[in-house]
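Here is what each chain is made of, one letter per residue.
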Amino acid sequence: MIQIICGFILVLIGILVFWKFPIKSDTKSLTLAALFIVLAAVLKRLSIMIPLFGFESLKVSIEVIPMLLAGILLAPGYCYIIGLAVDLIGLLVTPTGFPFLGFTLSAVLQTLIPSIVVTAIK
């Protein structure tokens, strides 16, 4: 049930983002988006699990930094695609089982919120 709700929210956010902020494709934005996707996917692979109370329970990762930079530098449409791509490529590179759309929603919002804030300030 939660998968359906998260999937519906992802689709709704995608429709709203692309309706309000259409993508203007230029070479610089496309190149930066590809760079941030690859960088975040590589940094997701380099995460460290820290054991607490006898089992690994705390994940330390710096994949958020390129996603936040993408949110600051690019338009919201690109940020939505970057959030989806980083999570899906991360699942392909390091399969952890069944994909949970809540983590995908979190990755999309990590890039989308800074981009909308920067767009609103401009």
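Preceding block: the structure.
The subject of this paragraph is the overall build of the protein. Helix and strand content of the protein: 5 helices and 2 strands. In sequence order, the protein lays out its α and β elements as α-α-β-β-α-α-α. For a compact globule of 122 residues, the expected C-alpha radius of gyration is about 14 Å, and the protein comes in at 15 Å, within 12% of that figure. Principal-axis analysis of the C-alpha atoms places the extent of the protein at approximately 50 × 35 × 25 Å. Expressed as a percentage of its 122 residues, the buried residues of the protein come to 33%. Pairs at least 24 residues apart make up 73% of the contacts formed inside the protein by residues separated by at least 6 positions. Just so you have it, the protein exposes about 7,900 Å², and 78% of that area is on carbon and sulfur atoms. When the 7 positive and 4 negative side-chain charges of the protein are each reduced to one mean point, those points stand 10 Å apart.

Procedures and definitions
Residues numbered from 1 in each chain as written. Predicted model: local features only at pLDDT ≥ 70, side-chain atom pairs only at ≥ 80, totals over all residues. Heavy atoms only, no water. Helix = DSSP H or I, 4+ residues; strand = E, 2+ residues; numbered from the N terminus. Rg over C-alpha atoms; globule rule 2.2 N^0.38 Å. Buried < 20%, exposed > 50% of the residue type's maximum accessible area, 1.4 Å probe, protein only. Contact = heavy atoms within 4.5 Å. Areas by Shrake-Rupley, 256 points an atom, 1.4 Å probe, with all protein chains shown as cover. Lys, Arg positive; Asp, Glu negative; His and termini not counted. Charge placed at Lys NZ, Arg CZ, Asp CG, Glu CD.

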